[in-house]
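Letter by letter, the chains look like this.
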Amino acid sequence: MKSLIVITADQIGSRRGVAPAAETLAQLRPVVRGRGARAFAQQAGDEIQGLLVGSEQAIEVVETLSRVGEWRIGIGLGSVDAPVPRDVRTANGAAFVAARQALTAARSAPQDLCVDAAVPGVCEVHQLQTALWLLRTLWRRRTTAGWEAVAAAREAADQQTAAAALGITPSALSQRLRAAGREEGAAGRRLAIELLDAARSRLDDVVGVDD
């Protein structure tokens with residue numbers, strides 16, 4: 001089975017008025033759309049954790065966490081003990097250990113994010129981490145208006161429709177999208193998804209050889 005993805009996150013400065021964990025969990029629910037995934041659940045304190053099977057889904061989770069609040073993120077790749085329980089809080093396995101190690105390392109890492117794998121030395125893991133650092137730099141600088149513009153452009157058939165939904169002109173929408181780094185963000189998402197797929201495939205190959 002392809003390596004799974006565990007994302008463990010905790011709030012940075014939770015007493016400084018950032019969105020509570022419950023609000024973030026509500027934002028994540030539509031992102032985690034089944035397909036073997038386990039919904040995010042709150043752990044001790046302000047920590048949340050989820051189990052994902054899709055690389056695109058995982059990158060969307062990181063993007064959502066970057067948009068809704070200040071979250072420190074650990075991403076772990078590896079196996080999960082079977083059978084996988086419905087409640088992620090009772091699940092175990094190498095991916096969960098890797099996510100915990102990544103979250104600990106994220107405390108002193110650029111952009112408060114680290115990626116770790118059950119097997120060390122997978123070069124694609126470091127490449128993915130670098131790509132996500134760059135993406136997080138862009139996402140964390142994006143304003144609320146920028147996020148709204150990017151979301152409207154994604155959902156609409158064209159920019160004229162998106163501009164109308166926001167009550168602004170197409171020219172104003174174009175300016176907001178440029179300021180938000182829409183094209184750079186989209187390219188970075190595609191790269192991160194490809195690198196996550198590659199890291200999981202390499203990890204599966206290594207584990208397969210070891211088995």
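- An unreviewed UniProt entry annotates the protein chain as DNA-binding protein originating from Flexivirga aerilata.

A short note on the state of the cysteines
Here's step 1: One pass over the full model with this rule turns up zero disulfides.
Here's step 2: Free of any disulfide, Cys123 has its nearest neighbouring cysteine sulfur in Cys114, separated by 17 Å.
Here's step 3: Take Cys123: its relative accessible area is 37%, and that puts it in the partly exposed class.

Examining helix H1 (residues 21-28)
Since the α-helix turns once every 3.6 residues, residues separated by three or four places project in the same direction.
Here's step 1: Residues of H1 that are buried: Ala21, Thr24, Leu25 and Leu28. Buried residues in H1, looked at end-on, bunch into an arc of 105°, giving them a common side.
Here's step 2: Residues of H1 that are buried sit in contact with strand E1 (4-11), strand E2 (38-42), strand E3 (48-52), helix H2 (55-68) and strand E4 (71-78).

Focus: the pattern of salt bridges
Here's step 1: Applying the stated criterion across every chain, the model contains 10 salt bridges.
Here's step 2: Its salt-bridge partner being Asp10, residue Arg107 comes within 3.1 Å of it at the nearest N-O pair. Taken together, the residues Arg107 in the loop between helix H3 (94-106) and strand E5 (113-117) and Asp10 in strand E1 connect sequence positions 97 residues apart.
Here's step 3: With relative accessibility at 10%, the residue Asp10 sits in the buried group.
Here's step 4: Overlapping salt bridges, with partners in common, bring together Asp10, Arg72 and Arg107 in one network.

Describing the packing of aromatic side chains
Here's step 1: The tally for this structure, following the rule as stated, stands at zero aromatic pairs.
Here's step 2: Positioned over the ring face of Trp147 is Arg142, at 4.5 Å from the centre of the ring.

Re unusual backbone geometry
Here's step 1: Of note, the amide linkage connecting Ala82 to Pro83 takes the cis form, showing an omega dihedral of -5°.
Here's step 2: Residue Gln111 is not a glycine yet carries a positive backbone phi of 60°.
Here's step 3: Relative to the helices and strands, Gln111 resides in the loop between H3 and E5.
Here's step 4: What makes Gln111 partly exposed here is its relative accessible area of 23%.
Here's step 5: In this structure, Asp112 is a non-glycine residue whose phi angle is positive, near 55°.
Here's step 6: Topologically, Asp112 is positioned in the loop between H3 and E5.

Focus: the environment of Arg189
Here's step 1: Mapped onto the elements, Arg189 comes out in helix H8 (residues 182-210).
Here's step 2: Separated by 147 residues in sequence, Arg189 and Gln42 place their C-alpha atoms 26 Å apart.
Here's step 3: The residues touching Arg189, leaving out its near neighbours within four places in the chain, are Glu56, Ile59, Glu60, Glu63, Leu135, Trp139 and Arg154.
Here's step 4: Of note is the side chain of Arg189, whose polar atom sits 2.3 Å from the side chain of Glu63.

A word on the pairing of E3
Here's step 1: With five of five residues buried, E3 is to be regarded as a mostly interior element.
Here's step 2: Side-chain alternation along E3 places Ile48, Gly50 and Leu52 on one buried face and Gln49 and Leu51 on a second face that is also buried.
Here's step 3: Both E1 and E3 contribute to a ladder of five bridges, which runs antiparallel. The partner of Thr8 across the bridge, within E3, is Gln49.
Here's step 4: Where E2 meets E3, three bridges bridge the pair, whose relative direction is antiparallel. Pairing of Ala41 across the sheet is with Gln49, part of E3.
Here's step 5: Here E2 folds back onto E3, and the loop between the two strands holds five residues, one of which, Gly45, carries a positive phi near 65°.

Reading the values: rules and limits
- Residues numbered from 1 in each chain as written.
- Predicted model: local features only at pLDDT ≥ 70, side-chain atom pairs only at ≥ 80, totals over all residues.
- Heavy atoms only, no water.
- Disulfide = S-S within 2.5 Å.
- Buried < 20%, exposed > 50% of the residue type's maximum accessible area, 1.4 Å probe, protein only.
- Helix = DSSP H or I, 4+ residues; strand = E, 2+ residues; numbered from the N terminus.
- Arc of directions from axis to C-beta.
- Contact = heavy atoms within 4.5 Å.
- Salt bridge = Lys/Arg side-chain N within 4 Å of Asp/Glu carboxyl O.
- Phe/Tyr/Trp six-rings, centres within 6.5 Å; stacked < 30°, edge-to-face > 60°.
- Lys NZ or Arg CZ within 6 Å of the ring centre and 35° of its normal.
- Polar contact = N/O pair within 3.5 Å; in protein donor to acceptor, adjacent residues only side chain to side chain.
- Pairing = 2+ DSSP bridges.

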